[in-house]
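Tertiary structure, described
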Amino acid sequence: MDDFEPTIIAFVCNWCTYTAADLAGTSRLSYPTNVRLIRVMCTGMVDPKYIIKAFLEGADAVLVSGCHPGDCHYINGNYKARRRIKLLKSILPRYGFDERRLKLTWIGASDGIQFARTIREMVAEIKEIGPNEAKHAAVV
Amino acid sequence: MAKTSLCDEAEQNLQTSLASFFKFVLAMEDIHALLAPMRLPANERVMHTLVTDPELLDPIDPFAPSFPMNAARLVSRLTKRPGGEMVAVVLRPCEIRALIELVKLKQGDMENIIIVGIDCPGAFKNTDYVEFAGENPETAAERFLAGALSGETKFDGGVEISAACRACTHPVPQGADLSIGIFGLDSDRQFLVSADTEKGKALFDRLGLSGCDVPDSRREAIDSLLSVRREFQKEMMDDIQKKTNTPEKLATYLSGCINCYNCRVACPVCYCRECVFVTDVFDHDPFQYLRWARRKGMIKMPTDTVFYHITRMAHISTACVGCGQCSNACPNDIGLSELFIASASTSQSAFDYEAGRSLEEDPPLTVFREDEFDDVVEVNH
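Residues numbered from 1 in each chain as written. Chains lettered and ligands numbered in written order. Predicted model: local features only at pLDDT ≥ 70, side-chain atom pairs only at ≥ 80, totals over all residues. Heavy atoms only, no water.

Scanning chain B from terminus to terminus reveals 14 helices and seven strands. By the compact-globule yardstick of 21 Å for 381 residues, chain B fits well, its C-alpha radius of gyration being 22 Å. Taken along its principal axes, the extent of the C-alpha atoms in chain B is 75 × 50 × 40 Å. Here chain B holds 381 residues, and 53% of them are scored as buried. Taking as baseline every contact in chain B between residues at least 6 positions apart, the subset at least 24 positions apart corresponds to 72%. Between the averaged position of the 38 positive side-chain charges in chain B and that of its 57 negative side-chain charges there is a distance of 7 Å. (Helix = DSSP H or I, 4+ residues; strand = E, 2+ residues; numbered from the N terminus. Rg over C-alpha atoms; globule rule 2.2 N^0.38 Å. Buried < 20%, exposed > 50% of the residue type's maximum accessible area, 1.4 Å probe, protein only. Contact = heavy atoms within 4.5 Å. Lys, Arg positive; Asp, Glu negative; His and termini not counted. Charge placed at Lys NZ, Arg CZ, Asp CG, Glu CD.)

See below:
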């Protein structure tokens, strides 16, 4: 599995984690290129469908990352996201999508270092778990 | 404390005494209509029927093993906007539970209805019911109860009570104003009327029913039914788990799906006016299909079937009452209720929620708290 390079889809909120990713870049921090960032205005707008679709299309992991509790630009979007992630973590593992493939984190706008570290750790962990079976199977 | 009364007319059978009881209910001045399963004049199919004339209630047949749709949807139609008139609605336990979910989702209202719940021994899927009823639909309920109340699940012609019903652990109505009980009684002619709510007790009194104690045999009959049902439910869930525990196995399980979306239409708690799966979001360009096929080597057509079913689980598994109408509606006999009942049990326990249990508990995805579910958040170092 040495040559396995996971694909991670990351839904990051405009106000915190996306800004943190931007900061990681302008600070010239390096992190693996396995992650595909999708900027959303708030984690509260990440429909469970987006996550399900990502897994069915073969994403090896999905990261949803937004503002710390209490810091949401829209007051409470991240709390709603947390309930949806709780829901998906109770549904997806039944069908063989390892629970560790779906992560929710809070990374604030000034946490560029944290963002880079999160991606590094996530890539390492997913490499351990191996590829998502749905990547090549005829599952749509 | 609930009020109970035993209806036991020596001269009558269950069918005729139920009809007289409901005639009596509908004759009440403040009850303007009754929604109940009736054998229709044309072909004796049992469908929910809205009746205003008590004299037409002879073919009322709530215990016929026919369950063509979850009537919570019908009650939603009757109550989603104010109508002002009082309707008594005869519902199975899963229909009441679905209605409770719909009311919480603002798709119906309890104010102008009186819920008459019935003990539910289960039902057949639609095609099986037609076969079982055969030439004598008027005796179907009687023939069915004779076997079902003594624990039979298989009947003449090899028809079997549907899997969802055999796995159902709510055979006794909860949340009803009045309940009609048949478990643990002499079902040829007796039934028990109990009133559990203020509205129900008021009606109970006005009906002039005489009180009685619940016979001990009833509790025993319900307990033994529940233990059989629980055992079957566990087997069913273990079996579905084995059959669908990888994405590929799940796709195989759903491979007969033709995207007809009948399961979504039949589902009482899938209430969106327009389902996202019929919008332009899924009106893919031709090149998209080819791109998917190229990436994976092949794709099953129509596409988006696994996507659709998992999304539906995300949407309704916290509200699923396990009525089994999804399986009933599937033209290709996919065991959807097994899949959804199993999924619902994990999602509902994740939120310490039970669909249909109470009007007071908010549906999990409609609320949030600041301090909860830290277990799903990765801790930063």
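Let's shift gears to the overall build of chain A. A tally of regular secondary structure across chain A gives four helices and four strands. Seen in sequence order, chain A has helices and strands lined up from the N terminus as β-α-β-α-β-α-β-α. Its C-alpha atoms give chain A a radius of gyration of 15 Å, within 12% of the compact-globule value 14 Å for 140 residues. The proportion of buried residues among the 140 residues of chain A is 57%. In chain A, the share of contacts with a sequence separation of at least 24, taken over all contacts with a separation of at least 6, comes to 83%. For chain A, the centre of its 19 positive side-chain charges and the centre of its 15 negative side-chain charges are spaced 7 Å apart.

Quick look at helix α12 (residues 305-316) of chain B now. Compared with an ideal rise of 1.5 Å per residue, which puts 12 residues at 16 Å, α12 of chain B spans 16 Å between its outermost C-alpha atoms and is within 8% of the ideal. The buried fraction of α12 of chain B amounts to 11 of the 12 residues, a majority that puts the element mostly inside the structure. The complete set of buried residues in α12 of chain B reads T305, V306, F307, Y308, H309, I310, T311, R312, M313, A314 and I316 of chain B. Its buried side turned inward, α12 of chain B meets α2 (48-56) and α3 (77-91) of chain A together with α9 (247-253), α10 (262-266), α13 (325-329) and α14 (336-350) of chain B. (Expected span 1.5 Å × (residues − 1).)

The subject of this paragraph is helix α3 (residues 93-104) of chain B. Residue and element names in this part refer to chain B. Across its 12 residues, α3 extends 17 Å between first and last C-alpha, which sits within 8% of the 16 Å expected from 1.5 Å per residue. For α3, the buried fraction is high: 12 of the 12 residues fall into the buried class. Listing the buried residues of α3 in full gives P93, C94, E95, I96, R97, A98, L99, I100, E101, L102, V103 and K104. Against β3 (46-51), α2 (72-79), β4 (87-91) and β5 (113-118) lie the buried residues of α3. Residue K106 follows α3 closely and has a positive phi angle near 65°.

Whether parallel or antiparallel, the strands of a sheet pair through hydrogen bonds between backbone atoms. All names here are of chain A. With respect to topology, four strands assemble into an open sheet ordered β2-β1-β3-β4, the strand pairing being parallel. Strand pairing shows two members of the sheet lacking a second neighbour, β2 (35-40) and β4 (102-106), which therefore form its edges. If you compare each strand with its neighbour and ignore which way they point, the axes differ by 20° on average. Bridge count for strand β1 (residues 8-13) against β2 is six bridges, and the pairing is parallel. Looking at β2, one finds that C13 is bridged to V40. Against the sheet, helix α1 (residues 17-26) engages β1, β2 and β3 (61-66), with an angle of about 110° to β1. (Pairing = 2+ DSSP bridges. Axes fitted to C-alpha atoms, helices over the stretch in contact; angles between N-to-C directions.)

Bringing the confidence of the model for chain B into the picture now. Averaged over every residue, the pLDDT of chain B is 94; residues scoring 70 or more account for 99%. This prediction of the complex comes with two scores: 0.95 for pTM and 0.96 for ipTM. (pLDDT = per-residue confidence, 0-100.)

Here we take up unusual backbone geometry. Keep in mind that most residues, glycine aside, have a negative phi and that most peptide bonds are trans. All names here are of chain B. Of note, the amide linkage connecting M301 to P302 takes the cis form, showing an omega dihedral of -10°. Tracing the sequence through the fold places P302 in the loop between α11 (286-296) and α12. Backbone geometry at D352 places phi at a positive 50°, although glycine is not the residue there. Relative to the assigned elements, D352 resides in the segment after α14.

Moving on, we come to the sheet that holds β5 of chain B. Residues and elements named next belong to chain B. Strand order in the open sheet formed by seven strands is β1-β7-β6-β5-β4-β2-β3, with mixed pairing between adjacent strands. The outermost strands of the open sheet, each flanked by one partner alone, are β1 (3-8) and β3. Each adjacent strand pair in this sheet contributes to an overall mean axis angle of 25°, direction not counted. Both β4 and β5 contribute to a ladder of five bridges, which runs parallel.

All names here are of chain B. A cluster of acidic residues, E274, D280, D283 and D285, forms a negative patch on the protein surface. Structurally, D280 is set in the loop between α10 and α11. Residue classification places D280 among the exposed positions, given a relative accessible area of 67%. (Patch = residues over 30% accessible without salt bridge, like charges linked within 9 Å, V, L, I, M, F, W, Y side chains within 5 Å. Areas by Shrake-Rupley, 256 points an atom, 1.4 Å probe, with all protein chains shown as cover. Salt bridge = Lys/Arg side-chain N within 4 Å of Asp/Glu carboxyl O.)

Another point: the pattern of salt bridges. Under the counting rule described, the total for this entry stands at 28 salt bridges over all chains. With a closest N to O distance of 3.0 Å, K49 of chain A and D47 of chain A form a salt bridge. With a closest N to O distance of 3.5 Å, R189 of chain B and D186 of chain B form a salt bridge. Here the salt bridges share partners, and the residues they tie into one network are K53 and E57 of chain A together with R295 and D304 of chain B.

Turning our attention to the state of the cysteines. The tally for this structure, following the rule as stated, stands at one disulfide over all chains. In this model C16 of chain A forms its disulfide with C67 of chain A; the gap between the sulfur atoms is 2.4 Å. Disulfide C16 of chain A-C67 of chain A: the torsion about the S-S bond is 105°, which places it as right-handed. Of this pair, C16 of chain A sits in the loop between β1 and α1 while C67 of chain A is found in the loop between β3 and α3, placing the two residues 51 residues apart along the sequence. Between C72 of chain A, a free cysteine, and C42 of chain A, which holds the nearest cysteine sulfur, the sulfur-to-sulfur gap is 3.9 Å. No disulfide involves C257 of chain B; its nearest neighbouring cysteine sulfur is the one of C263 of chain B, lying 6.4 Å away. The exposure class assigned to C257 of chain B is buried, which follows from its relative accessible area of 10%. (Disulfide = S-S within 2.5 Å.)

We now examine the pairing of strand β2 (residues 33-39) of chain B. Regular strands have side chains that alternate between both faces of the sheet. All names here are of chain B. Along β2, seven of the seven residues are buried, which leaves the element largely enclosed by surrounding structure. Of the two faces of β2, both are covered, the one formed by A33, L35, P37 and R39 as well as the one formed by L34, A36 and M38. Inspection of the sheet shows β2 paired to β3 by six bridges, in the antiparallel sense. Along β3, the bridge assignment pairs L35 with L50. Linking two consecutive strands that pair antiparallel, namely β2 and β3, is a turn of six residues; a positive phi of about 65° is found at E44 within it.

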